[in-house]
Amino acid sequence: MLSFAFMRHAYIAGTMIAIISGIIGVYVIGRNMSFLSHMLSEIGFSGASFGIFMSWPPLNGMLLFTIVSSVLIGQMSSKSSRREASISAISSLFLGSGILFLSLANKNASDATSILFGSMIGISQSEVNQILWLSIAVLVIIFFVYRDLRFDSFDHVGAEVKGVNTQLISIVFLVILALSVSVAAQIVGSLLIFVLLTLPASSAKHFTRTVSGMMIFSIGAALLGVWLGLYLGYLTNWPVSFFIAMIECAIYFGALAWNRIKNA
Amino acid sequence: MSEPVLNIKNLTVSFPDHLVLNDLSIAVNKGDFLSVVGQNGVGKTTLVRVVLHQLAPQHGKIEYHPVFKRMKIGYVPQFRNIDEEYPLSIRDFVGLNLHDSHMPWLSKKERQKLDKIIAQTNLETIQNTPLGEASGGEKQKAYLAQALINDPDLLILDESTASLDNVRKFELLDLVKEFNEQQGVTVLFITHDIELAQKYAHDYLLMRHGTYQSGPIAQFKESDLEEAEHA
Ligand SMILES: Nc1ncnc2c1ncn2[C@@H]1O[C@H](COP(=O)(O)OP(=O)(O)OP(=O)(O)O)[C@@H](O)[C@H]1O
Ligand SMILES: [Mg+2]
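Naming follows an unreviewed UniProt entry, where chain B appears as Zinc/manganese transport system ATP-binding protein of Pediococcus ethanolidurans. Quoted straight from UniProt, the Sequence similarities (unreviewed entry) entry for chain B says "Belongs to the ABC transporter superfamily."

Per an unreviewed UniProt entry, chain A is named Zinc/manganese transport system permease protein, and its organism is Pediococcus ethanolidurans. Per UniProt, the comment on chain A under Sequence similarities (unreviewed entry) is "Belongs to the ABC-3 integral membrane protein family."

Encoded structure:
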């Protein structure tokens, strides 16, 4: 299987994506941002359409749109009720224009489906390189803000007392979230982003009670899904995203069941 | 016992619509246990925010004792958003406030600090319990442990006993008293509970809208508070 270049690319890109999704996902859960990451993936879809319209690589369009919109969202009201409404508004704006760009681009429908549902198999060497660099950038940023980000994500009030610059942390996190969403969309597609970004971390919190434990578990769950999904996709020729989604859901429902049994 | 650790001088704070603190002065010495009382909205939490540099006063200033280059303050806030679903264990929560290193993992020194504070606050047996599932008293102890983990010079408690029953609130304050007496931690205890203030505090600061009264707790008269409440 790995003698095919396209499978090697898929495994390398998928591994990086699973690692950063596993880490970022834990912060997404801690910060209650599942909703926002979902929106960012829709925004990513329009970015990719815009990229196609401009004849750019779709990932570049995605990065542009998700980073700009996450910074915009970060500037807006931090009141959570108002915030959800404004996030919805911004994402409708982007999603609507995404449909327009896609129709103006006049390309066939397969471009749209590969953005929405992922297309593991078509990843080129240069795309793999870009995914690698972006993932490394995300990891380096996380390394530098790790403690403050962890404090702010799991105890905002305490972090403010300590004097953490929570506004700065929030913007930095939105940017790395945008990067992660764009990168992860390359494999599972923008419709299924939360399969890698939130399901593994949500499962993790039923098994472990520390931030580092949750990260290890959710990286493991994401890796399992990606590796096994790619293999099954290779064997059956069915979509890889389908298998990844099924595996992550199985882990998630398994975690819920485990939680039931434990508390029974 | 010469210079105060915290010297609050002529502090005035107003928000756009109204004046909250008006020319408040009080000196707090090392090892003091000062109870701050007063009705809702007189500015107790506002005072704390100025002490914590979260808010700049319009007038007046706070002098910190020069011995403390940067005075370490532990603070247990009045409100905290920890719900039932909160995932972290008590131990991990307490450790969030460690910052002796920048690494993602805890250093040996940090693990020792964590062990020590968990033991001192009697949280050993429940340290792996999820904080979201802990009782009100256990949560307050965890908040206290997090505030004390870096050996602060000053500890501020903002109505930490408000939701606790008669047994738990004494338990919590017995702990605070231990830190006050054995480690010399200066304590600022904001409360509505006069009985507690009289049992534990050395001094009091009674805040009313615009006027302030302070002295040794033994001289505190409950009639003063009632007067304030009916003012
Ligand atoms: N950021 C703010 N902007 C405007 N007004 C504020 C702000 N923070 C506090 N206030 C007002 O200042 C007054 C004092 O508030 P503060 O929270 O200090 O009272 P408190 O004494 O701690 O009351 P409580 O016993 O209810 O905790 C209140 O009237 C409050 O509405
Ligand atoms: Mg208050």
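Caption draft 1: Representation of the packing of aromatic side chains. Applying the stated criterion to the full structure yields 21 aromatic pairs over all chains. Seen from their ring centres, A:Trp238 and A:Phe243 are 6.1 Å apart, and the 15° between their planes marks the pair as stacked. A relative accessible area of 10% means that A:Phe243 is categorised as buried. With 4.8 Å between their ring centres and 70° between their planes, B:Tyr204 and B:Phe220 make a pair best called edge-to-face. Placement of B:Tyr204 in strand β8 (residues 203-207) and of B:Phe220 in the loop between β9 (212-216) and α7 (222-230) is noted, with a sequence separation of 16 residues between them. For B:Tyr204, a relative accessible area of 4% translates into the label buried. By way of ring pairs, the aromatic residues A:Phe50, A:Phe53, A:Trp56, A:Phe65, A:Phe94 and A:Phe101 are connected into one cluster. Here B:Arg80 stacks its cationic end above the ring of B:Tyr143, 4.7 Å away from the centre of that ring.

Caption draft 2: Looking closely at the sheet that holds strand β7 (residues 186-190) of chain B. Residues and elements named next belong to chain B. Reading across the sheet, the 6 strands line up as β5-β6-β7-β3-β8-β9 and stay open at both edges, with mixed pairing between neighbours. Of all strands in the sheet, those with a lone pairing partner are β5 (73-76) and β9, marking the two edges. On average, each strand axis in the sheet is tilted by 15° relative to the strand beside it, whichever way the strands run. Pairing analysis gives 5 bridges linking strand β6 (residues 154-158) to β7, with the strands arranged parallel. Directly across from Ile 156, in β7, lies its bridge partner Leu 188. Set on the sheet, helix α1 (residues 44-51) makes contact with β3 (33-37), β5, β6, β7 and β8; between it and β6 the angle comes to about 150°. Together, β5 and β6 form the strand contacts of helix α4 (residues 136-148), whose direction differs from that of β5 by roughly 165°.

Caption draft 3: Up close: the coordination of the magnesium ion (ligand 2). Residue and element names in this part refer to chain B. In this structure, Thr 45 (OG1) and Gln 78 (OE1) serve as the protein donors to the magnesium ion (ligand 2), at separations of 1.9 to 2.2 Å. You can see Thr 45 sitting in helix α1 and its partner Gln 78 sitting in the loop between β5 and α2 (90-95), a full 33 residues away along the chain. Accessibility expressed as a relative area gives 28% for Gln 78, which makes it partly exposed.

Caption draft 4: Structural context of the confidence of the model for chain B. Scored by pLDDT, chain B has a mean of 91; 95% of the residues are at 70 or more. Taken together, the chains of this predicted complex give a pTM of 0.92 and an interface ipTM of 0.91.

Caption draft 5: Structural detail: helix α3 (residues 108-120) of chain B. Helix length check: α3(B) (13 residues) gives 18 Å between terminal C-alpha atoms against 18 Å at 1.5 Å per residue, within 8%. Taken as a whole, α3(B) has its buried residues at B:Glu110, B:Lys113, B:Leu114, B:Ile117 and B:Ile118. Axial view of α3(B): buried residues confined to an arc of 130°, hence all on one face. Residues of α3(B) that are exposed and angled more than 90 degrees away from the buried face: B:Lys108 and B:Lys109. On its buried face, α3(B) sits against α6 (125-154) of chain A together with α2, α4 and α5 (166-182) of chain B. Positive backbone phi, approximately 55°, marks B:Asn122, located one or two places after α3(B).

Caption draft 6: Region of interest: the interface of chain B and chain A. Each partner contributes to the interface: chain B provides 29 residues, whereas chain A provides 17 residues. Counting the surface lost from both chain B and chain A, the interface buries some 2,000 Å², and carbon and sulfur atoms represent 55% of this. Looking only at chain B, the three residues that lose the most surface to chain A are B:Pro87, B:Leu96 and B:Pro104, adding up to 29% of its buried area. The interface formed by chain B and chain A includes 3 salt bridges. Here the side of chain B that touches chain A gets 3 residues from one element, more than from any other, and that element is α2(B). Within the side of chain B that touches chain A, the residues separate by chemical class into 14 nonpolar, 10 polar and 5 charged.

Each value, and the rule that gives it
Residues numbered from 1 in each chain as written. Chains lettered and ligands numbered in written order. Predicted model: local features only at pLDDT ≥ 70, side-chain atom pairs only at ≥ 80, totals over all residues. Heavy atoms only, no water. UniProt positions renumbered as here; feature names shortened; annotations may be inferred. Phe/Tyr/Trp six-rings, centres within 6.5 Å; stacked < 30°, edge-to-face > 60°. Buried < 20%, exposed > 50% of the residue type's maximum accessible area, 1.4 Å probe, protein only. Helix = DSSP H or I, 4+ residues; strand = E, 2+ residues; numbered from the N terminus. Lys NZ or Arg CZ within 6 Å of the ring centre and 35° of its normal. Pairing = 2+ DSSP bridges. Axes fitted to C-alpha atoms, helices over the stretch in contact; angles between N-to-C directions. Contact = heavy atoms within 4.5 Å. Donors = N, O, S within 2.8 Å, 3.2 Å for Na, K, Ca; no water. pLDDT = per-residue confidence, 0-100. Expected span 1.5 Å × (residues − 1). Arc of directions from axis to C-beta. Buried area = accessible area lost by both parts, 1.4 Å probe. Salt bridge = Lys/Arg side-chain N within 4 Å of Asp/Glu carboxyl O. Nonpolar A, V, L, I, M, F, W, Y, C, P; charged D, E, K, R; others polar.

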